Amino acid sequence: MKKIIAFVLAFSLLAASGCSKNTDDAVNDTSSQITEGTADNTDSGSDTTDSAGSDGDNIETENTFPPETSSEYTTAPAPSADVSSEELREYMVNNSLMTLGDASRMINVMKKAEAGEEITVGFIGGSITEGISAGDSLCYAKLTHNALCEMFPDTAVNYVNAGLSGTPSVLGVVRAERDLFGEKQPDIIFIEFAVNDGGEQQYKDCYESLVKKCLDKENAPAVVLLFTVLKNRYSCQPQMAAVGEHYGLPMISVGNALNPVFDAELMKWDAYSDDESHPNIWGHELVKDFLMNYFEQVKEQADALDSAPALTPLPDTAVYTTKYADIELLERDQMTVTDVQGFNEADKLIATFNNGWMYRKKTGASITFTEEFKTLFLVFNCNNSDSYADAEVYIDGELVNTLPSNKPGGWGNPEADCAYIGEECGEHTVEIRIAPSDNGKTYGFCGIGIGK
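First, a word on what this report is: a plain description of the structure on this page. (Residues numbered from 1 in each chain as written. Predicted model: local features only at pLDDT ≥ 70, side-chain atom pairs only at ≥ 80, totals over all residues. Heavy atoms only, no water.)

## Notes on the overall build of the chain
When you go through the chain residue by residue, the secondary structure sums to 12 helices and 15 strands. As displayed, the chain offers around 17,700 Å² of accessible surface, 45% of which is attributable to carbon and sulfur atoms. (Helix = DSSP H or I, 4+ residues; strand = E, 2+ residues; numbered from the N terminus. Areas by Shrake-Rupley, 256 points an atom, 1.4 Å probe, with all protein chains shown as cover.)

Structural data, given as structure tokens:
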């Protein structure tokens, strides 16, 4: 009941502050959708192209792993048919927490906050984290920040939201230094890519590399994994949970909370989301409650200790790989460019990438630059269109890869793809050349990711 009361108080404060009349309407509308039958969320297939809604959080169709969440951590039986709306919410909140994991890092952050020291909470993920369908002020990330400010009223709690619509952890690990760590070093980091990633190895490798990048920061941030879910049950939770288990991380699952309720026909998907993927205003408030339930439980542990505990050492092995953990993004004005042919500088390219080049409807084009690296990623504008060109990647005069910007899941989004992995770090001359067969097409070049 303590969690229910906390939610009511939090919501009362939100309404009293005049955040939005729509918030009240959403909660009232949702109450009429509970215990009125199940949502249409039992799709058995894995046709996930365009399944994440109109903003383009698309999953490529070649994924072959089961599009379902893990039930390994779900121990509570499904609620009964006569459950009240308050009890149903409490059930979902309790079921969302897969594991507290190792709490040493989070307790250290809480002890820092209790001492009045400034802390920063950061979020990185796709459009759900960005706040599509709820807005900047009512997305789960901002609501969680607000709740942390209330939990630590005498502490300055900074907020970084590095959510970017339609992007997976492949781009996440490339842009993390710029977007997540650029201004403040977060003490708490939430990672949310479960409905944006696919089952191919590159997604697994980049996700674990992103987790390791965050854990390895000098200030030893507390990292929490958040697994979201689509209406058709698609989620990369199983493969990501393996990473969480390996590093002893806390894990929170939206699917573990919602799916049993849908299966018991106690709530419709439409109560949580207005499309196939994005939480509505009520849904974002619910996800915030999932996160604050975790914080409340760790705070109980922290309050029982007189001092911060020693940090648990990280494992020296990997589940998949951490070879991309040192990747950093270089944009146009950070690259050592020696020659540009057929490309125009683009100061407004796509999303947060406004410092690149654009090739459009010309005959032949190339960009040549020199950098020191072992691993090279290209960041480019992607679309599901035959008018988008392939880029040939030459390193020290040798063609090493050809990367298409025309992809089935593309919708004009920024994309990252690994172009080259060398045996050791060294200085290389790189030429990005529009494939001769694609002369007259379009290519938006946002920058590169390099690892040493």
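From this point, things continue past the structure.
## A short note on unusual backbone geometry
Positive phi is not limited to glycine here, since A351 has a value of about 50°. Phi is positive for D396, which is not a glycine, with a value near 55°. The residue D396 is located in the loop between β12 (390-395) and β13 (398-404) in this model. With a relative accessible area of 47%, D396 lands in the partly exposed category. (Buried < 20%, exposed > 50% of the residue type's maximum accessible area, 1.4 Å probe, protein only.)

## Some points on the nonpolar core
M92, I191, F290 and F295 are the most contacted members of the largest nonpolar core, which has 100 residues in total. Look past the residues within four positions of F290 in its chain and what remains in contact with it is M92, V93, S96, I252, V254 and A257. Counting 26 residues, the second largest nonpolar core, distinct from the first, contains L376, L378, I432 and I434. (Core = buried A, V, L, I, M, F, W, Y, C linked by side-chain atoms within 4.5 Å. Contact = heavy atoms within 4.5 Å.)

## Looking at the pairing of strand β2 (residues 119-125)
Here β2 lies mainly inside the structure; seven of its seven residues are buried. Where β2 lies against strand β3 (residues 157-163), seven bridges are found, and the strand directions are parallel. Across the sheet, the residue bridging to T120 is N158, located in β3. Strand direction decides the pairing type here: β2 and strand β4 (residues 188-192), joined by five bridges, are parallel. Following the sheet pairing, G125 is matched in β4 by E192. (Pairing = 2+ DSSP bridges.)

## Details of the packing of aromatic side chains
Within this structure, the stated rule accounts for 14 aromatic pairs. Judged by centre distance (5.8 Å) and plane angle (85°), the rings of F123 and Y140 are edge-to-face. Pair noted here: F123 is in strand β2 and Y140 is in helix α6 (residues 140-151), with a separation of 17 residues, a long-range link. With a relative accessible area of 0%, F123 lands in the buried category. Classification of Y140 as buried rests on a relative accessible area of 1%. Ring plane angle 85° and centroid distance 6.2 Å describe the contact between F373 and Y420, whose orientation is recorded as edge-to-face. Taken together, the residues span a long stretch of sequence, with F373 in strand β11 (residues 366-383) and Y420 in strand β14 (residues 411-434) at a distance of 47 residues. By relative accessible area, which is 0% here, F373 ends up buried. In this structure an aromatic cluster arises from ring pairing among F123, Y140, Y159, F190, Y294 and F295. One Lys or Arg, K217, reaches over the ring of F181 and ends 4.5 Å from the middle of that ring. (Phe/Tyr/Trp six-rings, centres within 6.5 Å; stacked < 30°, edge-to-face > 60°. Lys NZ or Arg CZ within 6 Å of the ring centre and 35° of its normal.)

## Quick word on the packing of helix α3 (residues 85-96) against helix α12 (residues 281-303)
Where α3 meets α12, the closest approach of the two axes is 8 Å, and the angle between their N-to-C directions is 55°. In terms of orientation, α3 lies oblique with respect to α12. Like other packed secondary-structure pairs, α3 and α12 cross with a definite hand, here right-handed. Contacts from R89, M92, V93, N94 and S96 in α3 reach W282, E285, L286, D289, F290 and N293 in α12. Each residue belonging to the contact of α3 with α12 can be placed in one class, and the counts come to five nonpolar, three polar and three charged. (Axes fitted to C-alpha atoms, helices over the stretch in contact; angles between N-to-C directions. Parallel < 35°, antiparallel > 145°, perpendicular 65-115°, else oblique. Left-handed = near helix turned anticlockwise from the far one by under 90°. Nonpolar A, V, L, I, M, F, W, Y, C, P; charged D, E, K, R; others polar.)

## A word on the sheet that holds β4
Taken in spatial order, the six strands make up an open sheet running β1-β6-β5-β4-β2-β3, and their pairing is mixed. Because the sheet does not close on itself, it has two edges, and the strands there are β1 (97-99) and β3. The sheet shows a mean angle of 20° between the axes of neighbouring strands, direction not considered. For strand β5 (residues 222-227) and strand β6 (residues 251-253), the ladder comprises three bridges, and the chain directions are parallel. Paired with L225 across the bridge in β6 is M251.

## Some points on the pattern of salt bridges
Going through the model one piece at a time under the given rule, you end up with 21 salt bridges. Here E177 and K213 are joined by a salt bridge, their closest N and O atoms 3.5 Å apart. In this pair, E177 sits in helix α7 (residues 169-179) while K213 sits in helix α8 (residues 201-215), placing the two residues 36 residues apart along the sequence. Here E177 falls in the partly exposed class, since its relative accessible area comes to 22%. As a salt-bridge pair, D303 and K299 come within 3.2 Å of each other at their nearest N and O atoms. In this pair, D303 and K299 both sit in helix α12, four residues apart, roughly one turn of the helix. The class for K299 is buried, based on a relative accessible area of 19%. It is possible to trace a salt-bridge network through shared partners that takes in R89, E285, K288 and D289. (Salt bridge = Lys/Arg side-chain N within 4 Å of Asp/Glu carboxyl O.)

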